[in-house]
Amino acid sequence: MKRIYIAGCGGMLGEAFYLHFRKEFKLKCTDIDVNDKWLSYLDFRDYHAYRKDVMDFKPDYLFHLGAYTDLEYCELHPEDTYMTNTLSVENAVLIANELDIPILYISTAGIFDGMKEIYDDWDLPNPLGHYARSKYAGEVFVQQHAKRYLICRAGWMMGAGPQKDKKFIQKIMKQLKDGRKELYIVNDKLGTPTYTHDFAKNVDALLKTEFWGLYNMVCEGVTSRLEVAKELISILGLEHKVKINEVTSDYYKKEYFAARPASERLINTKLRLRNLNIMRDWKIALREYIENYYKGYL
């Protein structure tokens, strides 16, 4: 059985990776937040602790998942952000190179400036804030220094349910659970949802073919925050009970003050050209997500 060391595995993506890869691989899953019985403690910002833990496990692959993804936190704490989102990635590359094993790094659609409506794998990033800069710096280091690597760019992540999902879907679900009858949804943010389980499966497909490199990896079907919210309300059967009010991003500018691109829409051009794109349409993935993780929630 081949072995994968998964660092930063305590979040929503880590849950999907654990559930998918445990079927065929021996895993060691670590995080600073030990929130599941299959996790052990590791702060990947500590190079020596990270190196020792990985070396002791002797993996065939090193997956580096964790990052700060709260844009406001990143703007207020830039040094902590670069330690966590960039220097830790450099740690991972050095360790993977020493072991001569491939590394997986998770990047984001947020590294683009939003001046284009849609971005393929070869569009040049232009990050707007500390979160985006820190993630793009990780991309660049991996590309320049890793011997073998996968860089997979995710979009608007959804997965893991109320315990670990801190993103858009869970924020809406919590409002609904709290009895909200009106939602205020921005109409000026474009993007592409990414279901964690589809993402894990597509990473696995790339591992098996060994087509190393950088890939956009998002659900099919470009969309918007507004359309996603409307689809969610429809899936829940609440169209006649919950009103959606369209607002611009200025409505939330005090709460969400960090710069965000107007468009984070990715398309999986490289995956498609290699006949390896198994990401499903976001509407299908969203329905599956709600049915699997939110039964009895509302």
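Preceding this section is the structure that the text describes.
Residues numbered from 1 in each chain as written. Predicted model: local features only at pLDDT ≥ 70, side-chain atom pairs only at ≥ 80, totals over all residues. Heavy atoms only, no water.

(A) The packing of aromatic side chains, seen in detail. A full pass over the atoms with the stated rule returns 19 aromatic pairs. Between the aromatic rings of Y5 and Y50, the centroid separation amounts to 6.3 Å while the plane-to-plane angle is 40 degrees, which identifies the pairing as tilted. Within this pair, whereas Y5 is found in strand 1 (residues 3-7), its partner Y50 is found in helix 2 (residues 47-57), the two being separated by 45 residues in sequence. There is no split in this pair, since Y5 and Y50 are both buried. Between Y184 and Y251, the ring centres sit 5.2 Å apart and the planes meet at 10 degrees, which makes this aromatic pair stacked. With Y184 in strand 8 (residues 182-186) and Y251 in the loop between strand 13 (243-247) and helix 9 (269-273), the pair connects residues that are 67 residues apart, well separated along the chain. (Phe/Tyr/Trp six-rings, centres within 6.5 Å; stacked < 30°, edge-to-face > 60°. Helix = DSSP H or I, 4+ residues; strand = E, 2+ residues; numbered from the N terminus. Buried < 20%, exposed > 50% of the residue type's maximum accessible area, 1.4 Å probe, protein only.)

(B) Layout of the sheet that holds strand 6 (residues 149-154). Spatial strand order, 3-2-1-4-5-6-11: seven strands in an open sheet with parallel pairing. Strands at the two margins of the open sheet, each flanked by one partner only, are strand 3 (39-41) and strand 11 (213-216). For this sheet, the mean inter-axis angle between neighbouring strands, taken without regard to orientation, is 25 degrees. As judged from the four bridges shared by strand 6 and strand 11, these two strands associate in the parallel manner. Note on strand 11: the bridge partner recorded for L150 is G213. Here helix 1 (residues 12-21) sits on the sheet in contact with strand 1, strand 2 (26-31), strand 4 (61-64) and strand 5 (103-108), set at roughly 165 degrees to strand 2. (Pairing = 2+ DSSP bridges. Axes fitted to C-alpha atoms, helices over the stretch in contact; angles between N-to-C directions. Contact = heavy atoms within 4.5 Å.)

(C) Representation of the environment of D80 within the structure. Along the chain, the position of D80 falls in helix 4 (residues 78-99). Through-space distance from the C-alpha of D80 to that of K166 is 20 Å; in sequence the pair is 86 residues apart. With near-sequence residues (within four places) excluded, D80 lies in contact with R45, Y68 and Y73.

(D) Structural context of a nonpolar patch on the surface. A contiguous nonpolar surface patch, about 300 Å² in accessible area, is contributed by I32, V34 and Y41. Its location among the elements puts I32 in the loop between strand 2 and strand 3. In this structure I32 comes out as partly exposed when scored by relative accessible area, which is 44%. (Patch = residues over 30% accessible without salt bridge, like charges linked within 9 Å, V, L, I, M, F, W, Y side chains within 5 Å. Areas by Shrake-Rupley, 256 points an atom, 1.4 Å probe, with all protein chains shown as cover. Salt bridge = Lys/Arg side-chain N within 4 Å of Asp/Glu carboxyl O.)

(E) Region of interest: the state of the cysteines. In total, this model carries zero disulfides according to the counting rule given. No disulfide involves C74; its sulfur sits 20 Å from the nearest other cysteine sulfur, which is in C9. By relative accessible area, C74 is classed as buried at 0%. Sulfur of C152: no disulfide; nearest cysteine sulfur belongs to C219 and is 14 Å away. With a relative accessible area of 0%, C152 lands in the buried category. (Disulfide = S-S within 2.5 Å.)

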